[in-house]
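In case you want the letters, here they are:
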Number of protein chains: 2
Amino acid sequence: MHAALPMAFPPVPEQMALLTRGAVDLHVKTELEERLEQSRKTGKPLVVKAGFDPTRPDLHIGHAVLLAKMRQFQDLGHHAILLVGEFTAMVGDPTGKSDARPRLSRQEVQASAKTYTEQAFKILDRHKTEIRSNSEWLDTMTPADVVELMAKMTVSRMLERKDFAARFEDGRPIYQHEFLYPLLQGYDSVALCNDIELGGTDQLFNLLVGRDLMSKYGKRPQMVLTTPLLEGIDAKMENGGVVGKKMSKSADNFIGLTEAPLAMFRKVMQIDDEVIFRYFELLSNKSNTEINELKTEKAAGRDPREIKAIFGRELVTLFHDETAAIAAEAEFKNVYSASAVPDNVPSFSLTTDGPTLWIAKALSLARLVKSTGEGKRLVEQGGVEVDRERVTDGQFQLERGKRYLLRVGSKNRRFAYIEIAR
Amino acid sequence: MHAALPMAFPPVPEQMALLTRGAVDLHVKTELEERLEQSRKTGKPLVVKAGFDPTRPDLHIGHAVLLAKMRQFQDLGHHAILLVGEFTAMVGDPTGKSDARPRLSRQEVQASAKTYTEQAFKILDRHKTEIRSNSEWLDTMTPADVVELMAKMTVSRMLERKDFAARFEDGRPIYQHEFLYPLLQGYDSVALCNDIELGGTDQLFNLLVGRDLMSKYGKRPQMVLTTPLLEGIDAKMENGGVVGKKMSKSADNFIGLTEAPLAMFRKVMQIDDEVIFRYFELLSNKSNTEINELKTEKAAGRDPREIKAIFGRELVTLFHDETAAIAAEAEFKNVYSASAVPDNVPSFSLTTDGPTLWIAKALSLARLVKSTGEGKRLVEQGGVEVDRERVTDGQFQLERGKRYLLRVGSKNRRFAYIEIAR
């Protein structure tokens, strides 16, 4: 599948500058320089591998960081392999204790892989991407092969992995097959003979196991490059650093790759005014110089919403197109900016016996609706926002000791600040 | 292969008395009673399994302890399975670090298994013994089956095994496949659905893994019975206990099952006068009462050589026949007892520059031979004994600081004490 045509690869320093940008770990820099040099001489592209777990096919822009790195390799003329973890997905976690490893049928795996790759091709060059499945070699392994694989690694080495070490020390169980999975994943590289593997920083241990195994099987060991895990849209800046959970579906702080243009744009506008630069650095095609210029402008007083809109447009353009990006921004301004809070918003201080106050009750007490019944219906019909976020749970509770901005109705908007007294 | 005829099994207490005699661990006594009771009711024999490693097919009487226990089950009407560890022998130890697990070809395994079973049938009832190989089920396992197997056991549980725990604490490597082997061995029981597994006390952990696995695979868990590891013929009594290395080929303190009658008898006569009762208890068919009578007689002054000769005859009868036993005893008395050291043995004190003195030189200096050349030839022809043991190595060295009894010639025996001065 490798392109046989001699290619004009850019000079090594130029390639290195791009490939190492935003990377966290690189094992080993000098090796990468050598192999890039060799690739230029021979005209043979490097083979870049990244694996994915088909039990979680829904991608968000956190995944896009890794895929964007892979795309950079492609744009430089290198060859990308997306490896589907089909074998592990089909085996699942036999203890049944991990949600992350449900047991999928081959059909399910294939459907998942299709979903995944269709999303990934929003970033990757479809025509320069080879899709492989580890079932190709793992399904046909004999038990003797498994024994041989396991003999390549000691128990102590495996216990160096942080999560294993912590569980071992706490006396929480580690099932033995969990030790096997990093080896199987590493064996994928033995089978593929790739030059380099990419992964998130949380994959560093496993990627290095692959590197070790390759040399133990007499293959040229892969290099390893990790990209950062993107924090969610709810992250904040603290002491000059980004603080917050990683972007994930479960933390509900993600921007999905397949989200509609307006939703994407709106979520970008929710990002913290400083954290947005982290997103620029990890996901934007802008040069470091351009990003630094934006930082300077912000420091000089430019409205941070303008800067976030720049990123929002770029993101929507990437995953949809430019027309959609322009439309999304216009619609956002119309719907959300037009709903800017007027100056004369009334304030209500309400009291409650319990720790919380029912939203319908609060709306009624603030005279925003005529009755708790009407309040509940309005909430459930989507006509109420709390702190600029739509709330549709009719039983939503406001917490004592907090102050909220409520908005009622979508055409004739009415605002009120509501403080729940202690 | 199970006998389908209803059998008349002896009453449970009678069976229990025999089966638990000399056993160390029994998991679990009440279960064994229940299953024996059930077997009496249904007329269905219990299935008793013991595994063996075909990489070490030479049996000594230490192995006979286990086989004798198995034979007791057979004599009571139960069904025995000798399991050949063919799969593990063929895989070997891929790290190449263990002599115990060389990699054998299927032909070698089969030859070894034949050697083993032919020896084992000196004790077991050939017609009531089923030979199985774990290749039957392990060769066809898929990698997914291996993952499932590994998921049944935690890393911590495996580290409870004493030798693993010690190595882990000392920082000596444990390769991951070593964790797999107890699981594969346990899986043999899952495949065979045996009622009980026998093994040496050093196998207790592995046997219990088998018990656990069976219940995790929804099988009725096996019971586990261990027999003691017999100490070598060089063991001594200390503080009322037997002290010494286990019998093994490598420690050269063994009586092989295939040794000639005279060698067998002679080795028995070398055993310590007290330790011989350990041999009686583990290997003799004598009742506890009979053994206690012998102890009383010895305490009353009976010549311990007579008591050892009783065991020697029984052992030779077991592995050869009664005629051979009688002949061996007679020959022993003729050769060895007749060769009792005379009273007037001369003593020589020789000196040497190095740490040792060449035996041919010593013989020559003591005038037992005319030249070192003759001495060397005599040694190599088997005409020389050192401390009552024949020495045939022409380069044999006597150590400085020790005193030896040498004997030269077989017809005209000449004795000399030789002391190598410091």
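Peer 1: So, the interface of chain A and chain B: which residues are in play, and what are the values?
Peer 2: Facing the 31 residues of chain A at the interface are 31 residues of chain B. Of the roughly 2,700 Å² buried between chain A and chain B on both sides combined, carbon and sulfur atoms contribute 76%. Taken as a group, P143, V147 and Q176 of chain A account for 26% of the area that chain A buries against chain B, more than any other trio of residues on that side. Across the chain A-chain B interface, the total number found is zero salt bridges. For the pair chain A and chain B, the interface holds six residue pairs in polar contact (both at pLDDT 80 or more). When contributions to the side of chain A that touches chain B are tallied by element, the ones reaching two or more residues are α4 (86-91), α7 (143-150), α8 (155-158) and α10 (176-192) of chain A. If one sorts the elements of the side of chain A that touches chain B by residue count, α10 of chain A sits on top with seven residues.

Peer 1: Before we move on, can you summarise the environment of M150 of chain B with the specific residues and values?
Peer 2: Residues and elements named next belong to chain B. Residue placement: M150 occurs in helix α7 (residues 143-150). Given the relative accessible area of 1%, M150 is considered buried. In the structure, M150 is positioned 30 residues away from L180 in sequence and 7.3 Å away in space, judged by C-alpha atoms.

Peer 1: Describe the sheet that holds strand β5 (residues 196-200) of chain A, with residues and values.
Peer 2: All names here are of chain A. Strand order across the open sheet formed by six strands is β1-β6-β5-β2-β3-β4, with mixed pairing between neighbours. With partners counted over all chains shown, the strands left at the sheet margins are β1 (26-27) and β4 (129-133), one partner each. Note that β5 and strand β6 (residues 223-227) share five bridges and pair parallel. Bridge pairing in β6 places G199 opposite T226. Strands in contact with helix α3 (residues 61-75) are β2 (47-52), β3 (79-84), β4, β5 and β6; relative to β5, the strand with the most contacts, it is inclined by about 155 degrees.

Peer 1: Run through the confidence of the model for chain A, naming residues and quoting values.
Peer 2: Confidence along chain A averages 88 in pLDDT terms, with 94% of residues attaining 70 or more. What the predictor reports for the complex is a pTM of 0.73 with an ipTM of 0.71.

Peer 1: Help me get a handle on the nonpolar core, residues and values and all.
Peer 2: Most often, soluble globular proteins keep nonpolar side chains buried together rather than apart. Core analysis: the biggest nonpolar cluster contains 67 residues, and I61, L198, I276, Y279, F280 and L283 of chain A have the highest contact counts within it. In contact with L283 of chain A, other than residues within four places in its own chain, are I61, A64, V65, L230 and F311 of chain A. Ranked by size, the runner-up nonpolar core spans 66 residues in total, among them L19, I255, M264 and L315 of chain B.

Peer 1: Outline the packing of aromatic side chains, supporting the account with residue identities and numerical values.
Peer 2: Counted by the stated rule, this structure contains 15 aromatic pairs over all chains. Seen in terms of ring centroids, F280 of chain B and F311 of chain B are 5.2 Å apart; in terms of plane orientation they differ by 70 degrees. Their pairing is edge-to-face. With a gap of 31 residues between them, F280 of chain B in helix α13 (residues 276-283) and F311 of chain B in helix α15 (residues 304-319) connect regions that are remote in the sequence. Both residues of the pair, F280 of chain B and F311 of chain B, count as buried. Chaining the aromatic ring pairs together yields one cluster made of F277, Y279, F280 and F311 of chain A. Seen from the ring of F254 of chain A, K267 of chain A lies directly overhead, with NZ or CZ sitting 4.5 Å from the centre. Sitting over the ring of Y217 of chain B, K152 of chain B keeps its end group 4.7 Å from the ring centre.

What counts, and at which threshold
- Residues numbered from 1 in each chain as written.
- Chains lettered and ligands numbered in written order.
- Predicted model: local features only at pLDDT ≥ 70, side-chain atom pairs only at ≥ 80, totals over all residues.
- Heavy atoms only, no water.
- Contact = heavy atoms within 4.5 Å.
- Buried area = accessible area lost by both parts, 1.4 Å probe.
- Salt bridge = Lys/Arg side-chain N within 4 Å of Asp/Glu carboxyl O.
- Polar contact = N/O pair within 3.5 Å; in protein donor to acceptor, adjacent residues only side chain to side chain.
- Helix = DSSP H or I, 4+ residues; strand = E, 2+ residues; numbered from the N terminus.
- Buried < 20%, exposed > 50% of the residue type's maximum accessible area, 1.4 Å probe, protein only.
- Pairing = 2+ DSSP bridges.
- Axes fitted to C-alpha atoms, helices over the stretch in contact; angles between N-to-C directions.
- pLDDT = per-residue confidence, 0-100.
- Core = buried A, V, L, I, M, F, W, Y, C linked by side-chain atoms within 4.5 Å.
- Phe/Tyr/Trp six-rings, centres within 6.5 Å; stacked < 30°, edge-to-face > 60°.
- Lys NZ or Arg CZ within 6 Å of the ring centre and 35° of its normal.

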